[in-house]
Amino acid sequence: MLILPCSRAQGGWWNKGDDAKALSILSGKPQEVFAFGFIEGVTTTPINSWAGDVNHKFKADRVNLYAYDYSTVTGATPSCRNNEISNELPDIFPELDFDLDPGDGGIEDVPVAILPTLDGFIRLGLNILPRNPIATGGKSLQEYQNDLVDTLFERMPLRRFDVSSLPSGGDEISVSLDDVDYQEDPSLAGQYLEKDGLSAWVKGFGGSTSAFQYVESAYGEFGNWKSTHGGTALGVDYSLSDDFKLGVYGNWGNVNVTYLGLAGGDWSPNGWGGGLTATYAKENFYAQGLFGATGFSGTHNRYLLSVGSFGGGTAFATKNTTSYIGALRVGSPQQWGSVVLEPQLTGSWTHNADHAWSETGGGVFNLRYSDYSDNFLQTLLALKVSAPLNSGQRALVNPFIRIGWVADWDLNNANANANVTNIFLGRSASIPIVQDNESGILLEGGVDYTINNLGSTSFKLFAKGGAEIWGDSQKTADWRASGGVTFLFGGAPKGKPQPVVDVESTPAPQPEAVPVRGLW
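The text that follows walks through the structure, step by step, so that each part is easy to find. (Residues numbered from 1 in each chain as written. Predicted model: local features only at pLDDT ≥ 70, side-chain atom pairs only at ≥ 80, totals over all residues. Heavy atoms only, no water.)

1. Digging into the overall build of the chain
Turning to step 1, where the next piece is worked out: When helices and strands are counted, the chain shows two helices and 32 strands.
Turning to step 2, where the next piece is worked out: Of all 520 residues assigned to the chain, the portion counted as buried reaches 48%.
Turning to step 3, where the next piece is worked out: Taking the contacts inside the chain whose residues are at least 6 apart along the sequence as the reference set, 68% of them involve residues at least 24 apart.
Turning to step 4, where the next piece is worked out: Accessible area of the chain: about 24,200 Å², with a carbon and sulfur share of 56%. (Helix = DSSP H or I, 4+ residues; strand = E, 2+ residues; numbered from the N terminus. Buried < 20%, exposed > 50% of the residue type's maximum accessible area, 1.4 Å probe, protein only. Contact = heavy atoms within 4.5 Å. Areas by Shrake-Rupley, 256 points an atom, 1.4 Å probe, with all protein chains shown as cover.)

Following this line, the structure appears as structure tokens:
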């Protein structure tokens, strides 16, 4: 980095060593316009043209000029005296393995000529640093995985019927179909038990999340970001017994991360993956498990600020991450009058493996990122309240609400710093991952609609939405929505039909003969 003096002498110049020289020339408006040039080599050939009829002498075989017009800046003109610049940058930058302070050997070798102003040092530091690594490698993908888990774990009730063993035409008969009578199971908690056989489903989901913490200073925000995500999943489940079923699924997803604050950027990857599910269920208890993986890939853009002789731009690369998810939920649906109360406990563990990648397009600010991985754990203790309503002979409408306490746990990701290297300088830094234990509440509502088609294909529909409201004052609410349809094949009601007795064709019993007294 070349720190240019504020010489008022037209045509004056400033040298640094034998291999790097710079020139700072003042125009006719000394308080407004500065011209910077980074000189890669020195010749005796003068350059006598710049800014219309204002002539400035440059002695170089190549000069990259950049004009900084202070007349367009709101407020006071920044100071340009070396002795007013502190060796300490404001604490908007994380602690690094090498020093960002000017003159301390950290960034002084970056070949950019700047005025010795605090604004210039901040801009230079932002161009050297990566954007918040916890956003793209971790939290945005964690929220995608959490919403995938919650969508796939959604259980929907279905009215249950058994073949009647009572005489035909009785008051206890619920449904008659194809000359077969069926009795309905009155247990509301039992409606969540799955039919035997094969089922297939397709579900979709979407949501948003944002940073828990970021730095707010007089110079702006640093480390702030937001993201949205959406995805679809389809799969099949097969009941191996009355209590246990296994499933397999495939999923697609899209995540859109936007960096906010002093310096921007974005990452919008698409992902494909799949996994396995397992469910054990009794009438008043169930346990669900899931394990899966999704590979995400997309262009990562890091916007670079104009500073000194550098005119700004974008450093970009294809960033690939493999995200693994393991989850477990246990619950206990209990009938209470005409409603079902279902306490739930869910844990979702996410492991993200960022693969090494290198930027292009950013010139001397291009970074190379090493392999990096992080882990996240989110838990949810919730109560779901459902009020099932029969519709017709075989359909069910089930509105529900769910409220819970959600926690995001610190798994010591700070001990596995993200390592980045400035490709031009060959200098590396470890960027610490800032994470704390966080908690909030979940508020959610939705509705199910299901039809039991008694031995043929039945189906279930659901739609729900809600928000996670966190206790951190800087974080905005996380929104989520999901829906889907499940088709259940076979699974005929159990039992045998009561034999039908034809009263008209059965001969009536004959009375016994009564002996006549007195004939013998």
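Don't stop here, the text continues.
2. Focus: the nonpolar core
Turning to step 1, where the next piece is worked out: Ranked by internal contacts, the top residues of the largest apolar core, which has 21 residues, are Leu-152, Tyr-249 and Leu-290.
Turning to step 2, where the next piece is worked out: Those elements that place two or more of their residues in this core are α2 (133-152), β12 (198-210), β15 (225-239), β16 (244-259), β19 (285-304) and β20 (313-331).
Turning to step 3, where the next piece is worked out: Broken down by element, this core gets its largest block of residues, five residues, from α2.
Turning to step 4, where the next piece is worked out: Residues Leu-126, Phe-222, Tyr-369 and Ile-431 belong to the second largest nonpolar core, which totals 15 residues. (Core = buried A, V, L, I, M, F, W, Y, C linked by side-chain atoms within 4.5 Å.)

3. Things to note about the pairing of strand β28 (residues 418-422)
Turning to step 1, where the next piece is worked out: Burial of β28 is extensive: four of the five residues sit out of reach of the surface.
Turning to step 2, where the next piece is worked out: Here strand β24 (residues 367-369) runs beside β28; their pairing, made up of three bridges, is antiparallel. Looking at β28, one finds that Arg-368 is bridged to Thr-421.
Turning to step 3, where the next piece is worked out: The sheet contact formed by β28 and strand β29 (residues 427-431) spans five bridges and is antiparallel. Across the sheet, Thr-421 pairs through a bridge with Ser-428, a residue of β29. (Pairing = 2+ DSSP bridges.)

4. A word on the sheet that holds β28
Turning to step 1, where the next piece is worked out: Read from one edge of the open sheet, four strands run β23-β24-β28-β29, paired in antiparallel fashion. The strands lining the two open edges of the sheet, one partner per strand, are β23 (357-358) and β29.

5. Observations regarding the packing of aromatic side chains
Turning to step 1, where the next piece is worked out: According to the stated counting rule, one finds seven aromatic pairs in the structure shown.
Turning to step 2, where the next piece is worked out: Taking 5.3 Å as the distance between ring centres and 55° as the angle between the ring planes, the aromatic pair formed by Tyr-144 and Phe-205 counts as tilted. In this pair, Tyr-144 is assigned in helix α2 and Phe-205 in strand β12, connecting sequence segments 61 residues apart.
Turning to step 3, where the next piece is worked out: Given the relative accessible area of 0%, Tyr-144 is considered buried.
Turning to step 4, where the next piece is worked out: Given a relative accessible area of 7%, Phe-205 falls into the buried group.
Turning to step 5, where the next piece is worked out: Seen in terms of ring centroids, Phe-310 and Phe-365 are 4.8 Å apart; in terms of plane orientation they differ by 75°. Their pairing is edge-to-face. Here Phe-310 is found in the loop between β19 and β20, whereas its partner Phe-365 is found in the loop between β23 and β24, with 55 residues between them in sequence. A single burial state applies to Phe-310 and to Phe-365, both of which are buried.
Turning to step 6, where the next piece is worked out: These aromatic residues form a ring-pair network of at least three members: Tyr-144, Phe-205 and Phe-296.
Turning to step 7, where the next piece is worked out: Between Lys-319 and the ring centre of Trp-267, over which it is positioned, the NZ or CZ distance is 5.2 Å.
Turning to step 8, where the next piece is worked out: The residue whose ring lies beneath Lys-475 is Phe-212, and the NZ or CZ to ring-centre distance is 4.7 Å. (Phe/Tyr/Trp six-rings, centres within 6.5 Å; stacked < 30°, edge-to-face > 60°. Lys NZ or Arg CZ within 6 Å of the ring centre and 35° of its normal.)

6. Observations regarding a nonpolar patch on the surface
Turning to step 1, where the next piece is worked out: On the surface, Leu-198, Val-236, Tyr-238, Leu-240, Phe-244, Leu-246, Val-248, Leu-276, Tyr-280, Phe-285, Phe-487 and Phe-489 cluster together into a nonpolar patch covering about 1,100 Å² of accessible area.
Turning to step 2, where the next piece is worked out: Considering every element that reaches the nonpolar patch, the biggest residue donor is β16, with three residues.
Turning to step 3, where the next piece is worked out: Residue placement: Leu-246 occurs in strand β16. (Patch = residues over 30% accessible without salt bridge, like charges linked within 9 Å, V, L, I, M, F, W, Y side chains within 5 Å. Salt bridge = Lys/Arg side-chain N within 4 Å of Asp/Glu carboxyl O.)

7. Quick notes on helix α1 (residues 118-128)
Turning to step 1, where the next piece is worked out: With respect to burial, α1 is a largely interior element, eight of its 11 residues being buried.
Turning to step 2, where the next piece is worked out: For α1, the complete set of buried residues consists of Gly-120, Phe-121, Ile-122, Leu-124, Gly-125, Leu-126, Asn-127 and Ile-128.

8. Quick notes on the side chain of Ser-458
Turning to step 1, where the next piece is worked out: Its place among the elements puts Ser-458 in strand β31 (residues 458-470).
Turning to step 2, where the next piece is worked out: With a relative accessible area of 0%, Ser-458 lands in the buried category.
Turning to step 3, where the next piece is worked out: Sequence-distant contacts of Ser-458, that is, excluding residues within four places in its chain, are made with Lys-195, Ile-451, Asn-452, Asn-453, Thr-486, Phe-487 and Leu-488.

9. With respect to the pattern of salt bridges
Turning to step 1, where the next piece is worked out: A complete count under the given rule lists 19 salt bridges for this structure.
Turning to step 2, where the next piece is worked out: Across the pair Asp-185 and Arg-160 runs a salt bridge whose closest N-O atoms are separated by 4.0 Å. Within this pair, whereas Asp-185 is found in the loop between β11 (180-184) and β12, its partner Arg-160 is found in the loop between α2 and β9 (161-163), the two being separated by 25 residues in sequence.
Turning to step 3, where the next piece is worked out: One continuous salt-bridge network, built from bridges that share partners, spans Asp-150, Glu-154, Arg-329, Lys-384, Arg-402, Glu-444 and Lys-464.

10. Structural notes on the side chain of Lys-460
Turning to step 1, where the next piece is worked out: Inspection of the secondary structure assignment puts Lys-460 in strand β31.
Turning to step 2, where the next piece is worked out: A polar side-chain atom of Lys-460 sits 3.4 Å from a polar atom in the side chain of Glu-194.
Turning to step 3, where the next piece is worked out: If we ignore the near neighbours within four places in the chain, the residues touching Lys-460 are Met-156, Pro-157, Leu-158, Glu-194, Tyr-449, Thr-450, Gly-484, Val-485, Thr-486 and Leu-488. (Polar contact = N/O pair within 3.5 Å; in protein donor to acceptor, adjacent residues only side chain to side chain.)

11. Observations regarding the environment of Phe-285
Turning to step 1, where the next piece is worked out: By secondary structure assignment, the location of Phe-285 is in strand β19.
Turning to step 2, where the next piece is worked out: The spatial distance from the C-alpha of Phe-285 to the C-alpha of Ala-189 is 9.5 Å, given a sequence separation of 96 residues.

12. A short note on the environment of Ser-140
Turning to step 1, where the next piece is worked out: As for its placement among the helices and strands, Ser-140 is situated in helix α2.
Turning to step 2, where the next piece is worked out: Distance from Ser-140 to Val-255, taken between C-alpha atoms, is 7.2 Å for residues 115 residues apart in sequence.

13. Quick look at the environment of Gly-483
Turning to step 1, where the next piece is worked out: Position of Gly-483 relative to the elements: it lies in strand β32 (residues 478-489).
Turning to step 2, where the next piece is worked out: Sequence spacing of Gly-483 and Val-202 is 281 residues, and the spatial spacing of their C-alpha atoms is 8.8 Å.
Turning to step 3, where the next piece is worked out: For Gly-483, the contacting residues outside a window of four places in its chain are Lys-203, Gly-204, Phe-462 and Ala-463.

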